[in-house]
Each structure stands twice: as C-alpha cells, then as structure tokens.
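Here's the letter readout for the chains.
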Amino acid sequence: MSAHAAPSLPDHPALAGIRERLRQQFVLHRRGAPFWAAYQGLQLEVMREHPRDQLQLCNAMADMAEALGAVEHAQLLDAHTGCTPH
C-alpha cells in the first residue's frame, strides 16, 4: 500500500452491485485470467460512471479483491498512479 493512498469508499452506492458481480466472477474463475478480465471491465465501468470518485472506487475494488482472496495484499493507488489504463 502506498503511504499516500487515497482512502476507499466502501459504502459508495456504485459498489453494491460491483461487489456482488465481482464475487460471482471469483466463484466462477478464482484467480484466473477470466476473473481479472471481469475485474478490469467492472473497474472501467465504475470509472466511466463516477469520474470524480475513480481513485477511491478503484481502491475499494482492490480491497474487495483482497477480501475475496484474489490477492494476498491489495496494492492501493495514490493520486499519481491512477487506475487501470484504457
């Protein structure tokens, strides 16, 4: 985690549906490439729909991936890192 990572927004309304969809993908694919492709697609969806909260929402999704067990330690982003490239 970055020392200056942006805090996540775990209760943001955009995350309610994302959390469940991400969980479903993890159940289907575990840590495989299809899970990460779905993760990136969901991340892009969130970024488009909520441009003001991109960084915090990306960090919240990283926290979700960690909670699911997709990664051991989520790497949170700071203002200089940005989210998934297009």
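Look above for the structure.
Since we're looking at a predicted model, the values are computed, not measured.

Conventions used here
- Residues numbered from 1 in each chain as written.
- Predicted model: local features only at pLDDT ≥ 70, side-chain atom pairs only at ≥ 80, totals over all residues.
- Heavy atoms only, no water.
- Axes fitted to C-alpha atoms, helices over the stretch in contact; angles between N-to-C directions.
- Helix = DSSP H or I, 4+ residues; strand = E, 2+ residues; numbered from the N terminus.
- Parallel < 35°, antiparallel > 145°, perpendicular 65-115°, else oblique.
- Left-handed = near helix turned anticlockwise from the far one by under 90°.
- Contact = heavy atoms within 4.5 Å.
- Nonpolar A, V, L, I, M, F, W, Y, C, P; charged D, E, K, R; others polar.
- Salt bridge = Lys/Arg side-chain N within 4 Å of Asp/Glu carboxyl O.
- Buried < 20%, exposed > 50% of the residue type's maximum accessible area, 1.4 Å probe, protein only.
- Polar contact = N/O pair within 3.5 Å; in protein donor to acceptor, adjacent residues only side chain to side chain.
- Phe/Tyr/Trp six-rings, centres within 6.5 Å; stacked < 30°, edge-to-face > 60°.

## Notes on the packing of helix α2 (residues 33-49) against helix α3 (residues 54-68)
Two elements in contact, α2 and α3, have axes whose closest approach is 10 Å; the angle formed by their N-to-C orientations is 155°. Comparing their axes, α3 and α2 come out roughly antiparallel. Taken as a pair, α2 and α3 cross one another with a handedness that is right-handed. Judged by residue contacts, F35, W36, Y39, L42, Q43, V46 and M47 of α2 engage Q54, L57, C58, M61, A62, A65 and L68 from α3. Of the residues in the contact of α2 with α3, the class split is 12 nonpolar, 2 polar and no charged.

## Observations regarding the pattern of salt bridges
As enumerated under the stated definition, the model contains 2 salt bridges in all. Here E20 makes a salt bridge to R23, at a shortest N to O gap of 2.6 Å. With a gap of 3 residues between them, E20 and R23 both fall in helix α1 (residues 14-29), about one helical turn apart. For E20, a relative accessible area of 32% puts it in the partly exposed group.

## Quick look at the side chain of H12
Relative to the assigned elements, H12 resides in the segment before α1. A polar atom in the side chain of H12 sits 3.0 Å from the backbone nitrogen of A14. A polar contact of 3.0 Å, which involves the side chain of H12, links it to the side chain of D53. Each residue touching H12, except ones within four places of it in the same chain, is listed here: H50, D53 and L57.

## Observations concerning the packing of aromatic side chains
What the rule picks out here adds up to 4 aromatic pairs. Considering the side-chain rings of F26 and F35, the 5.5 Å spacing of their centres and the 80° angle between planes classify their relative orientation as edge-to-face. Given a relative accessible area of 5%, F26 falls into the buried group. Each member of the aromatic cluster is reached from another via a ring pair, and the members are F26, F35, W36 and Y39.

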